[in-house]
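Architecture and fold: a report
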Amino acid sequence: MSNREQAHAQPQNPGPGGAPAGGQWYPPEWPDRIRALADGSLTPVAPKRAATVMLLRDTPDGPAVHMLRRRASMAFAGGAYAYPGGGVDPRDEDHRTGWAGPSLEDWAVRLGTDPATAQAIVCGAVRETFEEAGVLLAGPADGTLVGDLTGDDWEADRQALVARELSFAEFLDRRGLVLRSDLLAAWARWITPEFEPRRYDTWFFVAALPEGQRTRNASTEADRTVWIRPADAAAGYDKGELLMMPPTISTLRSLEPYRTAAEAVAAAAAQDLAPVLAQATLEDGELVLSWPGHEEFTKRVRPTGGAA
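Positions within a chain are numbered from 1, following the residues in the order the chain's sequence is written. Thresholds applied to this predicted model are a pLDDT of at least 70 for local features of residues and 80 or more for the giving and counting of side-chain atom pairs; totals over whole chains, interfaces and linings are not thresholded and use all residues. Calculated side-chain values reflect all of the structure's heavy atoms, with hydrogen atoms and water omitted.

Here we look at the packing of aromatic side chains
Centre distance and the angle of the planes are the two values used to describe a pair of aromatic rings. Operational definition: A pair of Phe, Tyr and Trp rings is counted when the ring centres sit within 6.5 Å of each other, with Trp represented by its six-membered ring. The angle between the planes then sorts it: under 30 degrees is stacked, over 60 is edge-to-face, the rest tilted. Placement of a charge over a ring requires the Lys NZ or Arg CZ to be within 6 Å of the ring centre, with the centre-to-atom vector within 35 degrees of the ring normal.
Overall, the coordinates contain 9 aromatic pairs when judged by the stated rule. Grouped by ring-pair contacts, the aromatic residues Phe 130, Trp 154, Phe 168 and Phe 171 constitute a single cluster. Against the face of Trp 154 rests Arg 175, its NZ or CZ located 3.7 Å from the ring centre.

Here it is as structure tokens:
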């Protein structure tokens, strides 16, 4: 698919799950798991740290965001649209890597962590963008950026990162590169609900597509990628045409006011990084699932297992 086709594509909702309001992904096993959490028979698993990046580029009609559609066969959120992202590699805490931009101490304050954890999270964001979109927010120490990433040697390194044969810090060192943390800004933080079997504590970042680089669908977990304006993606969700999880549609809506990618990145400093965690309660025999501060995602689960 060409960049122009990607920019104007209106993907359909092919994914599994319950029948949501709009395009909210709602797995059919949620009601039973919520009941088990409420009666104490389900012990929540500890969430793994993760990072995801809302990659933006300017268009005549405002910034577009790069999204991928998870394959329908995926056990988690199959068919849902998301941003490039994934789990943090703990190895990236252990080795001080080349770094440009705000210090690790500044990042630790912004992310609410210690400096080593902040490094791993930011490395995770940049690594996942390279692994899944073929875009690398790194360059030589002179402040420039890597340009051409199409060579076989770059692809071999990307594959090694995907296979976890190579940590991102090791990759940067071997290439003589520094991570350009100045090109990245933290936007939001969401934690997977306690009743989910796979849980993630995910930091959402925003970044502008570097000049001279192009995205591609490098992820084995995605069957389609699109460049789409946040307002258009949100409209597709509202019509039930695009399937998404609450953090995705929430962050899309929050990007709508900005007229350029740079304006959105600059606005990130004012975004609230207080973690959003879904709550499941029992009210008159009915299960109520809510995300504090995000009323549009509230679900009322009837005793029969349906959702309202």
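Re the pairing of strand S12 (residues 279–283)
Put simply, the rule is: When DSSP finds two or more bridges between a pair of strands, those strands are recorded as paired. For the purposes of this entry, the term helix denotes a DSSP run of H or I that reaches at least four residues, the term strand denotes a run of E that reaches at least two, and both are numbered from the N terminus.
Judged from the 5 bridges that link them, S12 and strand S13 (residues 286–290) form a sheet pairing that is antiparallel. For Glu 283, the partnering residue across the bridge sits in S13 and is Glu 286. Where S12 hands over to S13, the hairpin turn is made up of 2 residues, of which Asp 284 adopts a positive phi near 55°.

Here's the deal with the packing of helix H7 (residues 230–238) against helix H8 (residues 246–255)
Between two packed helices, the angle of one axis relative to the other and the distance separating the axes together describe the packing. Quick reminder of the rule: For helices, the fitted line uses only the C-alpha atoms of the stretch in contact; every axis is such a line through C-alpha atoms, and the angle between N-to-C directions lies from 0 to 180 degrees. Relative orientations are named as follows: roughly parallel for angles under 35 degrees, roughly antiparallel for angles over 145 degrees, roughly perpendicular for angles from 65 to 115 degrees, and oblique for any other angle. The hand of a helix crossing depends on one turn: near helix anticlockwise from the far one by less than a right angle means left-handed, and clockwise means right-handed. Here a residue-residue contact requires only that any non-hydrogen atoms of the pair lie within 4.5 Å.
It is the contact of H7 with H8, at a shortest axis distance of 8 Å, that shows an interaxial angle of 140°. When the axis of H7 is compared with that of H8, the two are oblique. Two packed elements cross with a definite hand, and for H7 against H8 that hand is left-handed. Together, Pro 230, Ala 233, Ala 234, Tyr 237 and Asp 238 of H7 and Ile 249, Leu 252, Arg 253 and Leu 255 of H8 make up the contact between the two elements.

Considering the sheet that holds strand S14 (residues 299–301)
The sheet built from 3 strands is open, its strands ordered S12-S13-S14 with antiparallel pairing. Both outer strands of the open sheet, S12 and S14, are each paired with one neighbouring strand and no more. Here the average twist between neighbouring strands, direction ignored, is 25°. As defined by bridge partners, S13 adjoins S14 across 3 bridges and the pair is classed as antiparallel. Note on S14: the bridge partner recorded for Leu 287 is Val 301. In the packing of helix H2 (residues 30–38) onto the sheet, contacts are made with S12, S13 and S14, and the angle to S13 comes to roughly 100°.

Details of the pairing of strand S8 (residues 184–191)
Keep this limit in mind: For every residue, the accessible area obtained with a 1.4 Å probe (protein chains only) is divided by the maximum for its type, and the residue is called buried under 20%, exposed over 50%, and partly exposed between those limits.
Burial runs high along S8: 8 of the 8 residues are buried. Here S8 pairs with strand S9 (residues 200–208) via 7 bridges, running antiparallel. From the neighbouring strand, Ala 188 faces S9, where its bridge partner is Phe 204. Pairing geometry for S8 and strand S11 (residues 276–277), over 2 bridges, is parallel. Each bridged residue has a counterpart across the sheet, and for Ile 191 the counterpart in S11 is Leu 277.

Concerning the pattern of salt bridges
Heads up, the rule is: Any Lys or Arg side-chain nitrogen located within 4 Å of an Asp or Glu carboxyl oxygen qualifies as a salt bridge.
In total, this model carries 16 salt bridges according to the counting rule given. The salt bridge involving Glu 155 is made with Arg 158; its shortest N-O contact spans 2.9 Å. Remark: Arg 158 and Glu 155 occur in helix H5 (residues 152–162); sequence separation between them is 3 residues, near one turn of the helix. Here Asp 182 makes a salt bridge to Arg 180, at a shortest N to O gap of 2.9 Å.

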